[in-house]
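Secondary and tertiary structure notes
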Protein chains: 2
Amino acid sequence: MIKRRDPYHHGDLRRALVNAATELARSHGPDDVILREVARRVGVSASAAYRHFADRDALLAAVASRARAAMAEAMIDAVARRPPIGDPRSDAVARFRVIGRAYIAFALEEPGLFRTAFGAWPALTEPGDLSPSTMLIAALDNLVATGAMSSSRRVGAEGAAWAAVHGISILLADGALGQVDSRGRDAVVDRTLDLVVSGLVRHRFIGTG
Amino acid sequence: MIKRRDPYHHGDLRRALVNAATELARSHGPDDVILREVARRVGVSASAAYRHFADRDALLAAVASRARAAMAEAMIDAVARRPPIGDPRSDAVARFRVIGRAYIAFALEEPGLFRTAFGAWPALTEPGDLSPSTMLIAALDNLVATGAMSSSRRVGAEGAAWAAVHGISILLADGALGQVDSRGRDAVVDRTLDLVVSGLVRHRFIGTG
DNA sequence: CGTCGAATGTGAGCGGTGTCAACATTGGCC
DNA sequence: GGCCAATGTTGACACCGCTCACATTCGACG
């Protein structure tokens, strides 16, 4: 089915708008998403966007939702690329590190999307959709399930672990730690993950990777 | 010396602008700082602001600088209100906790200023002025100086510790951890500080407070 | 003390933005 | 085939950041 030139109805304008808005958000962050520019790029009038989004914030919320999903998928891919081998408890620890590293890596590779993903928009979080924090929590539960972490240490660990991973992501993405090369960045990331792991995991299962 | 009514020259317009802008930033964050509104509140034309700031971002940078200073002072006050008593190493640990808690408390009491303080404006950080991260670093150095932390663990600890404290501040301020009452908030904060302390400090000096 | 330049403030205006209301077009359902 | 709801357009409003030409005042220097 061939599309006509400039049909009055776009077909899937909502998705197209989110696509364009996402592209704008990539440059630096949510502030770069200009509704009129989004419409312009899609080749549609600015007010057409209001048929699909209540206002600019609703559009941002949609972009944020998609960004969180992309981030979670990147984290899933990261664990998939590192199949478990060896002791399940050490594997659980390694997997947690991989998840955390993927979280941070996404923030550094796509800072604009990262900032948009965690903007304080109306939540718009479907119960079923996967989010970066959910991935982290799953990794924590896996630590308990395998016995790498005692269940007593599990309580409240979501917040603390997420805070450390999220915090280092922001500090690095915003350059708050000063200019560091990629080696220095890796060192800081590893040090942060070390801190979290050493605080959560039984010491004999702490690996170095 | 009595001020005349509506003098043509304001006298200290720059400071007045920063004051008004700070007040606006308090509501939610830097996005609430509207240059025209700032000038309106000061009772001056909008273009007058451009005699003192190159653009809106420069004004934001000034507000951010002041916000960081206020935050650092709040942290200093917090340690001052809790004078050291007892073993110097345990005291160093307690002081670190107090500093971290004060950091987080400021973020929760003044989320707008907190968000403004760490916006990615042109740094505008004088070499001498005190900043929240400097306070944290000083507390870390104090841990080493008293012997509560081994110097080997000190390397790279700034980033990790700051990340955890900063991260939990943001997550709580943005409500990313879901709605939690003040008890739950305290628990999350304590858990995060536990994580940091347990990862940094020699175990026999870890207190519970 | 007078003058004159630099500093500081004013007003109008430009291009851009989010948002809305009135109108145009179209797809799908009876 | 006709009609209604969904979807898109045009034009407008209020507001914003920023600039330019002009007005006022302060302070230094004769």
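Residues numbered from 1 in each chain as written. Chains lettered and ligands numbered in written order. Predicted model: local features only at pLDDT ≥ 70, side-chain atom pairs only at ≥ 80, totals over all residues. Heavy atoms only, no water.

**Quick word on the overall build of chain A**
Our working rule: Helix and strand assignments follow DSSP, with helices taken as H or I runs no shorter than four residues and strands as E runs no shorter than two, numbered in order from the N terminus. Under the scheme applied here, a residue whose accessible area is under 20% of the maximum for its type counts as buried, over 50% as exposed, and between as partly exposed, the area being computed with a 1.4 Å probe on protein chains only. We call two residues in contact whenever any of their non-hydrogen atoms come within 4.5 Å of each other.
The helix and strand tally for chain A stands at nine helices and zero strands. Shown N-terminal to C-terminal, the secondary structure of chain A runs as helices and strands in the order α-α-α-α-α-α-α-α-α. For chain A, the spread of C-alpha atoms along the three principal axes comes to 65 × 40 × 30 Å. Here chain A, with 209 residues, has 44% of them falling under the buried criterion. Within chain A, contacts between residues at least 6 apart in sequence are counted, and of these 74% link residues at least 24 apart.

**Re the protein's contact with DNA strand C**
Quick reminder of the rule: A cutoff of 4 Å decides nearness: a residue is near a molecule or strand if any of its heavy atoms lies inside that distance of it. We define a polar contact as two N or O atoms separated by no more than 3.5 Å, with the added condition that, inside protein, one atom must be a possible hydrogen donor and the other a possible acceptor, whereas residues neighbouring each other in sequence contribute only through side-chain atom pairs. Three classes are used: nonpolar for Ala, Val, Leu, Ile, Met, Phe, Trp, Tyr, Cys and Pro, charged for Asp, Glu, Lys and Arg, and polar for all others, with Gly counted as polar.
The local shell around DNA strand C holds 22 residues, among which Arg36 of chain A together with Ser45, Ser47, Arg51 and His52 of chain B are the closest. A distance of 2.8 Å separates a phosphate oxygen of DNA strand C from a polar backbone atom of Leu35 of chain A. Of the residues assigned to the surface near DNA strand C, the class counts are eight nonpolar, seven polar and seven charged.

**What about helix α1 (residues 13-27) of chain B?**
Residues and elements named next belong to chain B. Spelled out, the test is: Multiplying 1.5 Å by the helix residue count minus one yields the expected span of that helix.
Taking 1.5 Å as the rise per residue, α1 with 15 residues should run 21 Å; its terminal C-alpha atoms sit 22 Å apart, in good agreement. All of the buried residues in α1 are Leu13, Ala16, Leu17, Val18, Ala20, Ala21, Thr22, Leu24 and Ala25. Structurally, α1 contributes buried residues whose contacts are with α2 (35-42), α3 (56-80) and α5 (111-117).

**Focus: the layout of surface pockets**
Under the convention used in this document: Think of a 1 Å grid over the protein atoms and nothing else: a 1.4 Å probe that fits but is trapped marks a cavity, an open set flanked by protein within 12 Å on at least five of seven lines marks a pocket, and residues with an atom within 4 Å of a point count as lining. Grid points are joined across faces, edges and corners, and a volume is the space filled by probe spheres set on the points.
In this structure, the largest pocket spans a volume of roughly 1,300 Å³. Lining the largest pocket are 37 residues, with Pro30 and Asp31 of chain A together with Pro30, Asp31 and Arg115 of chain B sitting closest to its centre. Those elements giving two or more residues to the lining of the largest pocket turn out to be α3 (56-80), α5 (111-117) and α8 (157-173) of chain A together with α3, α5 and α8 (157-173) of chain B.

**Some words on the interface of chain B and chain A**
By a widely used convention, the size of an interface equals the accessible area lost when the partners come together. Counted only if it meets this: When two components associate, each loses some accessible surface as probed by a 1.4 Å sphere; the sum of these losses over both components is called the buried area. Counted as salt bridges are all cases of a side-chain nitrogen of Lys or Arg within 4 Å of a carboxyl oxygen of Asp or Glu.
At the interface, 30 residues of chain B touch 30 residues of chain A. Each partner contributes to the roughly 2,100 Å² buried at the junction of chain B and chain A, and carbon and sulfur atoms together form 70% of this total. Linking chain B to chain A there are zero salt bridges. Listing elements by their share of the side of chain B that touches chain A, those giving two or more residues are α7 (151-154), α8 and α9 (182-200) of chain B. Top contributing element to the side of chain B that touches chain A by residue count: α8 of chain B, with twelve residues.

**Here's the deal with the protein's contact with DNA strand D**
Around DNA strand D sit 23 residues in total, of which Ser45, Ser47, Arg51 and His52 of chain A together with Arg36 of chain B are the nearest. By atom count, sugar and phosphate contribute 54% of the portion of DNA strand D lying within 4 Å of the protein. Take Ser45 of chain A: an N or O atom from its main chain is 2.6 Å from a phosphate oxygen of DNA strand D. Contact between DNA strand D and His52 of chain A: a phosphate oxygen at 2.7 Å from a side-chain N or O atom of the residue. With three residues, the top contributor of residues to the surface near DNA strand D is α2 of chain B. Classifying every residue of the surface near DNA strand D gives nine nonpolar, seven polar and seven charged.

**Structural notes on the environment of Asp141 of chain B**
Relative to the elements of secondary structure, Asp141 of chain B occurs in helix α6 (residues 132-146). Sequence separation between Asp141 of chain B and Arg153 of chain B is twelve residues; the distance between their C-alpha atoms is 11 Å.

**With respect to the relation of the copies chain B and chain A**
The second copy of the chain is related to the first by a rotation about an axis and a shift along the axis. Condition: What sets the superposition is a least-squares fit of C-alpha atoms, and only residues with pLDDT of at least 70 in both copies go into it.
Mapping chain B onto chain A calls for a screw motion: a turn of 180 degrees about the axis and a shift of 0.0 Å along it, with 0.1 Å RMSD after fitting. As the rotation angle and translation indicate, the two copies are arranged about a two-fold axis. Both copies present the same face, since 100% of the interface residues in chain B are matched by interface residues at the equivalent positions in chain A.

**Here's the deal with the packing of helix α4 (residues 88-109) of chain A against helix α9 (residues 182-200) of chain A**
Residue and element names in this part refer to chain A. Quick reminder of the rule: Each axis is a line fitted through C-alpha atoms, taken for helices only over the stretch in contact, and angles between the N-to-C directions span 0 to 180 degrees. Roughly parallel here means an angle under 35 degrees, roughly antiparallel means over 145, roughly perpendicular means 65 to 115, and every remaining angle is called oblique. With the far helix as reference, a near helix turned anticlockwise by less than a right angle produces a left-handed crossing, and one turned clockwise produces a right-handed crossing.
The geometry of α4 relative to α9 is characterised by a closest axis approach of 11 Å and an angle of 135 degrees between their N-to-C directions. Comparing their axes, α9 and α4 come out oblique. Here α4 runs over α9; the crossing is right-handed. For the pair α4 and α9, contact is made by Val93, Phe96, Arg97, Gly100, Arg101, Ile104 and Leu108 and by Arg185, Val189, Asp190, Leu193, Asp194, Val196 and Val197, respectively. Class assignment for the residues of the contact of α4 with α9 results in eight nonpolar, one polar and five charged.

So yeah, pure geometry; function would need other evidence.
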